[in-house]
Amino acid sequence: PKGGHILDLGCGEWQDAVYLASKWFQITAIDTAEAGLKKIKQHAIEGKLPIRTICTDIKTHITSDEINKFDGIICMNSLQFLNQKDVWLVLNSIQ
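It should be emphasised that the depicted structure is a prediction, and the values quoted were computed from it without experimental measurement. (Residues numbered from 1 in each chain as written. Predicted model: local features only at pLDDT ≥ 70, side-chain atom pairs only at ≥ 80, totals over all residues. Heavy atoms only, no water.)

Asker: Hey, could you run me through the side chain of T53 in this one?
Answerer: Along the chain, the position of T53 falls in strand β3 (residues 51-55). Residues in contact with T53, not counting those within four places in the same chain, are A29, L37, I40 and K41. (Helix = DSSP H or I, 4+ residues; strand = E, 2+ residues; numbered from the N terminus. Contact = heavy atoms within 4.5 Å.)

Next up, the structure:
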């Protein structure tokens, strides 16, 4: 829903998080790359966009209590960097 809260796992540099925030979604963007998160923060400041960034590993950050806070979850271009065991760990944590 418009105004919903989206979790962007392995958000990368900024494109998806900034686009969705510009469409009136609240975004929580998670990645291990601080440089990419800095770019997201800069776009959020410049565009006055509702984006929160967290520098952490998507394999360890997600709990079922946290997942229930979100209206949607995206994970674009991230899972291929994980081994098969960790992919299932992430997928099972967000169901």
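From this point, the narrative continues.
Asker: What exactly am I supposed to notice about the environment of I54 here?
Answerer: Positionally, I54 belongs in strand β3. Looking at I54, the relative accessible area reads 17%, which means it is buried. Residues I54 and C11, 43 residues apart in the sequence, show an inter-C-alpha distance of 10.0 Å. (Buried < 20%, exposed > 50% of the residue type's maximum accessible area, 1.4 Å probe, protein only.)

Asker: Please clarify how helix α1 (residues 15-22) should be interpreted in this entry.
Answerer: Working note: α-helix, 3.6 residues per turn, so residues spaced by three or four point in the same direction. Along α1, the residues that are buried comprise A17, V18, L20 and A21. Take α1 and look down its axis: the buried residues cluster within an arc of 165°, on one side only. For α1, the elements touching its buried residues are β1 (5-9), β2 (26-31), α2 (34-47), β3 and β4 (72-74). At the C-terminal side of α1, W24 shows a positive phi close to 80°. (Arc of directions from axis to C-beta.)

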